[in-house]
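# Working through the structure, step by step
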Amino acid sequence: MTGSGMERARHWQYEELPGVDLLRARYVRKTFVRHTHENFVIAAIADGVEVFGHRGVDQYAGAGALALVNPDTPHTGRAGTPEGWRYGAVYPSPEVVAEIAAETTAIRGTPGFVSPVLDDPYAVDLVHQVLRAADEGNALAADTLLRVAVTRLLRLNGGPLPQREVRTAGARIAARARAVLEERMAEPPTLERLALDLGTSPFALLRAFRDAYGMPPHTWLTDARVRRARRLLDAGTAPAEAAVAVGFTDQPHLNRHFTRIVGVPPGSYQRERKNVQDVRGRLLVPSDAWQNRQLSQTYAPTTEEGRTPRSYATPLESGSP
């Protein structure tokens, strides 16, 4: 885990849960800028309140509630109280959720969540149990609990996602603009140049793009750059090289935007990925740090149900905005 002061965060993967990212964090002053995820967001609030902008409305998720965001849905995030918020989150891919939905629900079409906030302490506990099982290397429990949690959430708050159809001329122009930005991510054109190449005006393009993707082109581009940087980091590219490859001026530039979107600096993110890769093909032997975590949890104060979410004790490293 990485952190600074009272804020803690760990963003990692567990090799026995392919297609799923994991996060455990406590944030106080942290503010997530508008961004999207390729995966689903299932964030289980343990303490405090998170406020997140979702489809033009501020949503409030407190202890015992879940913040639920469908893939490619722009949203923000910040503390709703001076004390901040503490939570654990799983980020299953659309393929993982679709597989679970097909087997355990009657949802037809592409499954997703209907409401962005759901009060369900039981599901919150399930999410934290998934994280705990992943920490302990208990593959059977982690996989089982994840499937139970996703099934419960889909049955309580699931439905088919509306299909996006490009019908209007503005939507078609926005899609063409997005394709250009994806292709020229490291050296994007100006808004005026992009509009001219697409046969429209800058403000008409700006309106069309915001209507189609929920954010202006420059914000979308930053989000897309961070997504691509994550893939490069996952593949072993050094953060400084990844920064330049996706169009950031240098690594500090990447650090600032990466932390505002992912929640941890790129160096910490990559180290967790490397840890997952390094254990493949090797016997897993509990480290001293792992054993210390188990002891700290054993003697930590418990909740009324006798369970405690895992430790959030390692501080965030520098690189936050």
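Residues numbered from 1 in each chain as written. Predicted model: local features only at pLDDT ≥ 70, side-chain atom pairs only at ≥ 80, totals over all residues. Heavy atoms only, no water.

### Considering the pattern of salt bridges
In this structure the tally under the stated criterion is 16 salt bridges. The shortest N-O distance in the salt bridge between arginine 10 and aspartate 135 comes to 2.6 Å. Of the two residues, arginine 10 sits in strand β2 (residues 7-13) while aspartate 135 sits in helix α2 (residues 121-136), which places them 125 residues apart along the sequence. Judged by its relative accessible area of 16%, arginine 10 falls in the buried class. Residue glutamate 99 is joined to arginine 147 by a salt bridge in which the shortest nitrogen-to-oxygen separation is 3.5 Å. With glutamate 99 in helix α1 (residues 94-104) and arginine 147 in helix α3 (residues 139-157), this residue pair connects regions lying 48 residues apart in the sequence. Among the residues examined, arginine 147 registers a relative accessible area of 31% and is labelled partly exposed. Each of the salt bridges in this network shares a partner with another, and the network as a whole consists of Arg10, Arg24, Asp135 and Glu272. (Salt bridge = Lys/Arg side-chain N within 4 Å of Asp/Glu carboxyl O. Helix = DSSP H or I, 4+ residues; strand = E, 2+ residues; numbered from the N terminus. Buried < 20%, exposed > 50% of the residue type's maximum accessible area, 1.4 Å probe, protein only.)

### Concerning the packing of aromatic side chains
Taken as a whole, this structure holds eight aromatic pairs when the rule is applied. A ring pair is formed by tyrosine 27 and tyrosine 87, whose centres lie 6.2 Å apart and whose planes are at 50°; its orientation type is tilted. Residue tyrosine 27 is found in strand β3 (residues 20-27), and its partner tyrosine 87 is found in strand β9 (residues 85-92); the two are separated by 60 residues along the sequence. Given a relative accessible area of 4%, tyrosine 87 falls into the buried group. One aromatic cluster is present, formed by Tyr27, Phe32, Trp85 and Tyr87 through successive ring pairs. The ring of tyrosine 27 carries lysine 30 above its face, with NZ or CZ at 6.0 Å from the centroid. Geometry around phenylalanine 32 places lysine 30 over its ring, the cationic atom sitting 4.8 Å from the centre. (Phe/Tyr/Trp six-rings, centres within 6.5 Å; stacked < 30°, edge-to-face > 60°. Lys NZ or Arg CZ within 6 Å of the ring centre and 35° of its normal.)

### A closer look at the environment of phenylalanine 52
Along the chain, phenylalanine 52 turns up in strand β5 (residues 41-54). Spatially, the C-alpha atoms of phenylalanine 52 and histidine 75 are 6.4 Å apart, while their sequence positions differ by 23 residues. Those residues in contact with phenylalanine 52 that lie beyond four places of it in its chain are Val57, Asp58, Gln59, Ala61, Ala67, Val69, Thr76, Gly77, Pro116 and Val117. (Contact = heavy atoms within 4.5 Å.)

### Details of unusual backbone geometry
Residues other than glycine seldom take positive phi values, yet arginine 55 does so here, at roughly 55°. Residue arginine 55 is classed as exposed on the basis of its relative accessible area, which comes to 63%.

### Looking at the confidence of the model for the chain
Should the pLDDT be low somewhere, the predicted coordinates at that spot are not to be read in detail. When pLDDT is averaged along the chain, the result is 87, and 83% of the positions lie at 70 or above. Every residue in residues 280-321 is under pLDDT 50, and counting partners more than four places away or in other chains gives 76 contacts. (pLDDT = per-residue confidence, 0-100.)

### Here we look at the packing of helix α7 (residues 217-234) against helix α8 (residues 239-246)
With their axes 9 Å apart at the nearest point, α7 and α8 run at an angle of 140° to one another. Here α8 runs oblique to α7, going by the angle between their axes. Crossing of α7 against α8: the hand is right-handed. Counted together, Arg225, Arg228, Ala229, Leu232 and Leu233 of α7 and Pro239, Ala242, Ala245 and Val246 of α8 form the full contact between these two elements. Broken down by class, the residue content of the contact of α7 with α8 amounts to seven nonpolar, no polar and two charged. (Axes fitted to C-alpha atoms, helices over the stretch in contact; angles between N-to-C directions. Parallel < 35°, antiparallel > 145°, perpendicular 65-115°, else oblique. Left-handed = near helix turned anticlockwise from the far one by under 90°. Nonpolar A, V, L, I, M, F, W, Y, C, P; charged D, E, K, R; others polar.)

### Topic: the side chain of threonine 222
Position of threonine 222 relative to the elements: it lies in helix α7. Residue threonine 222 is classed as buried on the basis of its relative accessible area, which comes to 19%.

### A look at the pairing of β3
Where burial is concerned, most of β3 is hidden: seven out of the eight residues are buried. Where β2 meets β3, five bridges bridge the pair, whose relative direction is antiparallel. Residue arginine 10 lies in a different strand from β3, and its bridge partner there is arginine 24. Where β3 lies against β9, eight bridges are found, and the strand directions are antiparallel. Within the sheet, the bridge partner assigned to valine 20 lies in β9 and is proline 92. (Pairing = 2+ DSSP bridges.)

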